[in-house]
Amino acid sequence: MIINFIKGRLKGCIYSFKGGITLLKSEASIQVQFGIAILITIAGFYYHISPVEWIAQTLCIGLVMSIEGLNTAIEEIADFVHPDFHKKIGKIKDIAAGAVGIAALIAVIVAAIIYIPKVF
């Protein structure tokens, strides 16, 4: 029984990894965010940020990229359900994009709090 549980979790990890790779390969916005995540991680090493700053930075990167993934999934579902333009589908997509924007704004604020004192 425990073996089946472990096999199920491992299979879930494989699907998760596959989904992340698909997202990185197919979505320009996540590619840009991934590039920014790499640059900000390099900055963290360069400026020797504290463990708490690493936690905040990592959480922000994960938050933005996760919400971007959800936004992409919502857009894919909406396009599948209603391929033509529809006012309600447009509103749904705008709300999902707005969630990404909020997360990105918070990430920029956290980055400013971490890096402005170190740069200036």
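The rules behind these values
- Residues numbered from 1 in each chain as written.
- Predicted model: local features only at pLDDT ≥ 70, side-chain atom pairs only at ≥ 80, totals over all residues.
- Heavy atoms only, no water.
- Salt bridge = Lys/Arg side-chain N within 4 Å of Asp/Glu carboxyl O.
- Helix = DSSP H or I, 4+ residues; strand = E, 2+ residues; numbered from the N terminus.
- Buried < 20%, exposed > 50% of the residue type's maximum accessible area, 1.4 Å probe, protein only.
- Axes fitted to C-alpha atoms, helices over the stretch in contact; angles between N-to-C directions.
- Parallel < 35°, antiparallel > 145°, perpendicular 65-115°, else oblique.
- Left-handed = near helix turned anticlockwise from the far one by under 90°.
- Contact = heavy atoms within 4.5 Å.
- Nonpolar A, V, L, I, M, F, W, Y, C, P; charged D, E, K, R; others polar.

A.B. asks: How would you sum up the pattern of salt bridges? Please name residues and give values.
C.D. replies: Under the criterion given, the structure shown has 2 salt bridges. One salt bridge connects K118 with E53, and the closest N-O pair in it is separated by 3.3 Å. One end of the pair, K118, is in helix α4 (residues 87-119); the other, E53, is in helix α3 (residues 51-81), and 65 residues separate them in sequence. On the basis of relative accessibility, which here comes to 17%, the residue E53 falls in the buried class. The shortest N-O distance in the salt bridge between D79 and K93 comes to 2.4 Å. Taken as a pair, D79 in helix α3 and K93 in helix α4 lie far apart in primary sequence, 14 residues in all. Exposure remark for D79: the relative accessible area of 36% places this residue in the partly exposed category.

A.B. asks: Can you lay out the packing of helix α2 (residues 28-46) against α4 for me, pointing to particular residues and giving the numbers?
C.D. replies: One way to put it is that α2 packs onto α4 with a least axis distance of 12 Å and a crossing angle of 15 degrees. In this view, α2 runs roughly parallel relative to α4, as classed from their interaxial angle. Crossing geometry of α2 relative to α4 is assigned as left-handed. In this structure, α2 contributes Q33, I40, A43 and G44 to the contact, and α4 contributes V100, A111 and Y115. Taken together, the residues that form the contact of α2 with α4 break down as 5 nonpolar, 2 polar and no charged.

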